[in-house]
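# What the coordinates show
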Amino acid sequence: MKTLLVAGGHCDIIQLKNTAKHMKDSSEKLYIIGIDGGMKTLKEAGIKPDIGVGDFDSVNVLDYSDTPIEKLCPEKDDTDTEHALLMAIDMHPSEIVLMGATGSRLDQTISSIELLKCAVDADVPAVILDPTNRIRVAKGETVITKEDSFGYYVSVIPFSEDLTDLTMKGFKYEIEDFTLKKGISRCISNELASDRAVISCSGYYIVMETCDG
């Protein structure tokens, strides 16, 4: 099973439709979770979610009476996105794609990126997707192929602490057993130089595949 989560941040409707179609075209079932304001986005795209999750402070839950709803208390210790992501992880899908998780609220964008660590620890592949970014948190080895690459640039950022053994092969700028300290921009805007590029590190790191809008 694959899982598509749609939160209430910026979400390109055409990209959402194409992503849902691509995920449905596989032999696996696609399970769709609308997260609060993401329910409105899914409705605009003509996509029916399997469940809606959230405190529904930004949309009227009564507008979605044809969808099972898990209504959360507004006074809680986690965000709607965290609750939905952990729900998806508990299903042990082969892939999680989270859309509508970026936008003008940088606090929520950063929080959503950091939540991807939960998927890493559960050994579930998960990415945040928007028109100009595909973002993941990783530990160990990450392989990026030209065939499946997103955008033009690849950036690596330490997740929580300095990376002491970062290696990047198959890129325009290669490094081996490099110490990438937090607060420096050494590994921003790299580029693929071969059909298959590999990032490896023993610590947690953020991989951003990006393009200019």
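In every chain, residue numbers begin from 1 and rise along the written sequence. In view of the model being predicted, local features appear only for residues whose pLDDT reaches at least 70, and side-chain atom pairs are presented and counted only at 80 or more, with totals across whole chains, interfaces and linings using the full set of residues. Water and hydrogen atoms play no part in the side-chain values, which are based on all heavy atoms of the structure.

### Looking at unusual backbone geometry
Even without being glycine, H92 reaches a positive phi, approximately 55 degrees. Mapped onto the elements, H92 comes out in the loop between α3 (80-90) and β5 (95-99). Per-residue accessibility, obtained with a 1.4 Å probe over protein chains only, is compared with the maximum for each type, and a residue is labelled buried under 20%, exposed over 50%, and partly exposed between these values. For H92, a relative accessible area of 65% puts it in the exposed group. The phi torsion at D123 lies on the positive side, around 60 degrees, for a residue other than glycine. Under the DSSP-based scheme used, a helix requires at least four consecutive residues in state H or I and a strand at least two consecutive residues in state E, with every element numbered from the N terminus.

### Section: the state of the cysteines
Note on disulfides: each one is a pair of cysteine sulfur atoms within 2.5 Å. A full pass over the atoms with the stated rule returns zero disulfides. No disulfide involves C201; its sulfur sits 9.8 Å from that of C187, the nearest cysteine. We note that C211 lacks a disulfide partner, and the nearest cysteine sulfur, in C11, lies 15 Å from it.

### Quick word on the layout of surface pockets
Site definitions follow a grid-based scheme: protein atoms alone, a 1 Å grid, a 1.4 Å probe that fits but cannot get out for cavities, and for pockets an open set with protein on both sides within 12 Å along at least five of seven lines, plus lining residues having an atom within 4 Å of a point. Grid points are joined across faces, edges and corners, and a volume is the space filled by probe spheres set on the points. Estimates place the volume of the largest pocket at around 780 Å³. The wall of the largest pocket is formed by 30 residues, among which E95, V127, R134, R136 and D148 lie closest to the centre. Among the elements of the structure, α1 (13-24), β5, α4 (106-121), β6 (126-130) and β7 (133-145) are those that each provide at least two residues to the lining of the largest pocket. The greatest single-element share of the lining of the largest pocket, amounting to ten residues, is contributed by β7. When its volume is computed, the second largest pocket comes out at roughly 470 Å³. Forming the boundary of the second largest pocket are 25 residues, of which A7, G8, G9, T81 and Q108 lie nearest the centre.

### Topic: the pairing of strand β11 (residues 196-210)
In terms of burial, β11 is a largely internal element, eleven of the 15 residues being buried. In this scheme, strands are said to pair when DSSP sees at least two bridges between them. In this sheet, β11 lies alongside β7 in antiparallel orientation, the contact comprising 13 bridges. Paired with T145 across the two strands is R196, which belongs to β11. Two elements, strand β8 (residues 153-158) and β11, share six bridges in a ladder whose sense is antiparallel. What sits directly across from S155, in β11, is M208.

### Considering the environment of D148
On the secondary structure map, D148 appears in the loop between β7 and β8. Taking the C-alpha atoms as reference, D148 lies 9.7 Å from D195; in sequence the two are 47 residues apart.

### Quick word on α3
Taken together, the buried positions of α3 are D80, T81, A84, L85, M87, A88 and I89. Contacts made by the buried residues of α3 are with β1 (2-6), β2 (30-35), β3 (51-54), β4 (69-71), β5 and α4. Contacts: residue pairs with any heavy atoms within 4.5 Å of one another.

### Examining the packing of α3 against α4
Running from N to C, α3 and α4 point in directions that differ by 20 degrees, and their axes come no closer than 10 Å. In this view, α3 runs roughly parallel relative to α4, as classed from their interaxial angle. The handedness of the crossing between α3 and α4 is right-handed. On α4, the residues touching T81, E82, L85, L86 and I89 of α3 are S112, L115, L116, C118 and A119. For the contact of α3 with α4, the class distribution of residues is seven nonpolar, two polar and one charged. All axes here are fitted lines through C-alpha atoms, helices being fitted over the stretch that makes contact, and every angle between N-to-C directions spans 0 to 180 degrees. Angles below 35 degrees are treated as roughly parallel, those above 145 as roughly antiparallel, those between 65 and 115 as roughly perpendicular, and all remaining angles as oblique. Here a crossing is called left-handed whenever its near helix is offset anticlockwise from the far helix by less than a right angle, and right-handed whenever the offset is clockwise. Residues are grouped as follows: nonpolar covers Ala, Val, Leu, Ile, Met, Phe, Trp, Tyr, Cys and Pro; charged covers Asp, Glu, Lys and Arg; every other residue, Gly included, is treated as polar.

Any link to function would need more than the numbers given here.
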